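# Close look at the chain arrangement
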Amino acid sequence: MKYIIIAVLLFTTVSEAQNHQKIYDIIDSVSAKRIKKDIKTLVDFGTRHTLSDTVSNTRGIGAARRWIKKEFETISKDCDNCLNVFYQKNLVKKGENDRITNDVWVVNVVAIQKGTTYPNRYIVMSGDIDSRVSDPNDFTSDAPGANDNASGMAGAIEAARVLSKYQFENSIMYVGLSGEEQGLFGGKGLAEYAKNQNWSIIGVLNNDMIGNIQGVDGVIDNLTFRIFSEPVPPTETEKERKSRRFYGGEVDGISRQLARYVHKTVTTYMPEMNPMLVYRLDRFGRGGHHRPFNDVGFPGIRIMEAHENYTQQHQDIRTENGISYGDTFEHVNFDYAKKLTAVNAITMANLASAPPAPSTVGIGGIVEPSAKLKWDPVEGAKGYKIYWRDTTSPTWDYSRFVGNVTEFTLEGIVIDNFYFGIASVDEEGYESVVVFPNEIMR
């Protein structure tokens, strides 16, 4: 019996540690050459300002979104029509804010790859279609928007090319969002649409500027990237807020767990990269298209370069005092954009392959020498993994696979000294996002 137990433990350890070749294949399939070509195409539309020309076939946001839709449709044909491609739009009236000087249709381009087991659960990768110059209301001047944000848009298209070659249990959505520079209108419209469609959004990966490696601070870095995430959802209840005060969880909201999921996936499969968790919704005093999804209670994060160059953002194209201003094509590092596209692709592949996370996780062990956890069973899960970490650690540093049970006691682990969470695991080892306890057992 002793040898059988040892053998089982060894098998469990080996199974847990096993990586998936499919994920490495996805990394290798992402093409810097294709991303470069797509960024050039988007730049060549001259301007993609939200209020720019919608009639021309060669200039303006109308031409850009028609080209993006056509690219998604071409990808769909190559995968036996595996993508549902459509426009989602909302009318924004003049005067909505000081950047909406005319009535305008804010049009998003959406491509959905339906999951085989959980078709109503979606992991989303978004890039922004629109661009701008120094004056946010100037919709006629050239605004190439090469890095901000043709890079993120090209990344979403490339991720669709790569991941459409596979089937996943959960649905994946690739999106080009409009109206970001005028007030995050595209994200707001799609978030409301998702709510109305009763979609379960399990994560939004907002890619906004993924192509610059030389920062205004003088640092050149092609390995580090930032993951911005808010601490807790703005939709939390008063009961949940009070619970946090006594039991913790102020850095353990659903978006923060999604950020940790990206961090873990990247450190596992792309160890050369340096994912940088930033405990903030977005850059100081600035915003991005994940925020409207957060506003309605969906988990969402921003993935972007670590070192920005402000002379190349929101600038008229010009030269002053020997400095070239403008977000132009030659400033984009396409190999870096490839790396961050791969970061998104493998995160979505892992999450789209995983079972749902437990909805309810209870924790107990007050004035006891051991931590007790109990959770709801998940259909499709073949086991569960308990994670814990020091209360000051940004990442889940310790874990134990506990098999197909729905309660477990961690002997000798004092509840007061750690934070805990539970993830579902399928038979191939794919894991859900970690769920922080939301009930107290006494």
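Residues numbered from 1 in each chain as written. Predicted model: local features only at pLDDT ≥ 70, side-chain atom pairs only at ≥ 80, totals over all residues. Heavy atoms only, no water.

Burial analysis of strand 8 (residues 300–305) places 6 of its 6 residues in the buried class, which makes it a mostly covered element. Looking at chain direction, strand 5 (residues 200–207) and strand 8 are connected through 4 bridges and run parallel. Paired with Leu205 across the strands is Ile301, a residue of strand 8. Here strand 6 (residues 224–228) pairs with strand 8 via 4 bridges, running antiparallel. Following the sheet pairing, Ile227 is matched in strand 8 by Ile303. (Buried < 20%, exposed > 50% of the residue type's maximum accessible area, 1.4 Å probe, protein only. Helix = DSSP H or I, 4+ residues; strand = E, 2+ residues; numbered from the N terminus. Pairing = 2+ DSSP bridges.)

The sheet built from 8 strands is open, its strands ordered 1-2-4-3-5-8-6-7 with mixed pairing. Of all the strands in the sheet, the pair left with one neighbour each is strand 1 (83–92) and strand 7 (274–278). Going from strand to strand, the sheet's axes swing by 25° on average, the running direction of each strand aside. Note: strand 3 (residues 118–128) against strand 4 (residues 170–177), 8 bridges, orientation parallel. When the bridges of strand 4 are listed, Tyr118 appears paired with Asn170. Helix 5 (residues 146–163) contacts strand 2 (104–113), strand 3, strand 4, strand 5 and strand 8 of the sheet and is inclined by roughly 145° relative to strand 3. (Axes fitted to C-alpha atoms, helices over the stretch in contact; angles between N-to-C directions. Contact = heavy atoms within 4.5 Å.)

Turning our eyes to something else, we now look at the nonpolar core. Of all hydrophobic cores here, the largest spans 70 residues; its most connected members are Ile39, Ile68, Phe72, Leu163, Tyr174, Phe225 and Met348. With 12 residues, helix 11 (residues 334–353) is the largest single contributor of residues to this core. Setting aside residues up to four positions removed in sequence, Phe72 forms contacts with Leu83, Val85, Val109, Ala111, Met153, Ala156, Ile157, Ala160 and Tyr174. In terms of nonpolar packing, the next biggest core, distinct from the first, is built from 18 residues, Val361, Ala381, Tyr384 and Trp388 among them. (Core = buried A, V, L, I, M, F, W, Y, C linked by side-chain atoms within 4.5 Å.)

A cluster of nonpolar side chains, Phe246, Tyr247, Ile366, Val367 and Ile440, forms an exposed patch at the surface whose accessible area comes to about 530 Å². Relative to the helices and strands, Tyr247 is located in helix 8 (residues 238–247). We classify Tyr247 as partly exposed; its relative accessible area is 37%. (Patch = residues over 30% accessible without salt bridge, like charges linked within 9 Å, V, L, I, M, F, W, Y side chains within 5 Å. Areas by Shrake-Rupley, 256 points an atom, 1.4 Å probe, with all protein chains shown as cover. Salt bridge = Lys/Arg side-chain N within 4 Å of Asp/Glu carboxyl O.)

With that out of the way, let us pick up the packing of helix 3 (residues 32–43) against helix 5. The geometry of helix 3 relative to helix 5 is characterised by a closest axis approach of 9 Å and an angle of 130° between their N-to-C directions. As judged from the angle between their axes, helix 3 and helix 5 are oblique. Between helix 3 and helix 5 lies a crossing of right-handed hand. For the pair helix 3 and helix 5, the contacting residues are Arg34, Ile35, Asp38, Ile39, Leu42 and Val43 in the first and Ala146, Ala150, Ser151, Met153, Ala154, Ile157, Glu158, Arg161 and Val162 in the second. Residue classes in the contact of helix 3 with helix 5 are distributed as 10 nonpolar, 1 polar and 4 charged. (Parallel < 35°, antiparallel > 145°, perpendicular 65-115°, else oblique. Left-handed = near helix turned anticlockwise from the far one by under 90°. Nonpolar A, V, L, I, M, F, W, Y, C, P; charged D, E, K, R; others polar.)

With respect to the helices, strands and loops of the structure, Ile75 is situated in helix 4 (residues 61–78). Ile75 sits 208 residues away from Arg283 along the chain, and the two C-alpha atoms are 34 Å apart. Every residue in contact with Ile75, bar those within four places of it in the chain, is listed here: Leu83, Ile157, Ala160, Arg161 and Ser164.

At a minimum axis distance of 9 Å, the contact between helix 5 and helix 11 shows a crossing angle of 45°. Accordingly, the angle class assigned to the pair helix 5 and helix 11 is oblique. By crossing handedness, the relation of helix 5 to helix 11 is classed as right-handed. In contact with Gly155, Glu158, Ala159 and Leu163 of helix 5, helix 11 contributes Thr341, Ala345, Met348 and Ala349.

The subject of this paragraph is the environment of Arg161. For Arg161, the location among the structural elements is in helix 5. Take Arg161: its relative accessible area is 16%, and that puts it in the buried class. On a C-alpha basis, the gap between Arg161 and Phe72 in space is 8.3 Å, while along the polypeptide they are 89 residues apart. Of note is the side chain of Arg161, whose polar atom sits 3.1 Å from the side chain of Glu71. (Polar contact = N/O pair within 3.5 Å; in protein donor to acceptor, adjacent residues only side chain to side chain.)

So, on to unusual backbone geometry. Cis geometry marks the peptide bond from Asp148 to Asn149, where omega comes out at 5°. Positive phi outside glycine occurs at Asp80, with the angle close to 60°. Take Asp80: it is sitting in the loop between helix 4 and strand 1. Of note in the backbone geometry, Asn198 takes a positive phi value of approximately 60° without being a glycine. Relative to the elements of secondary structure, Asn198 occurs in the loop between helix 7 (185–196) and strand 5. Residue classification places Asn198 among the exposed positions, given a relative accessible area of 60%.

Below, the discussion takes up helix 9 (residues 254–269). Taking 1.5 Å per residue, 16 residues should reach 22 Å; helix 9 reaches 23 Å between its end C-alpha atoms and fits that length. Counting buried positions along helix 9 gives 12 out of 16 residues, so the element sits mostly inside the fold. Buried within helix 9 we find Ser255, Arg256, Gln257, Leu258, Ala259, Arg260, Tyr261, Val262, His263, Thr265, Val266 and Tyr269. (Expected span 1.5 Å × (residues − 1).)

Before going further, it helps to spend a moment on the sheet that holds strand 13 (residues 383–390). Within the open sheet, the 3 strands sit side by side as 14-13-16. Their pairing is antiparallel. Since the sheet does not close on itself, it has two edges, and those belong to strand 14 (398–403) and strand 16 (418–425), each with one partner. Within this sheet the neighbouring strands show an average axis-to-axis angle of 20°, counted without direction. Of the pairings in the sheet, the one linking strand 13 to strand 16 comprises 8 bridges and is antiparallel in character. Note on strand 16: the bridge partner recorded for Tyr387 is Gly421.

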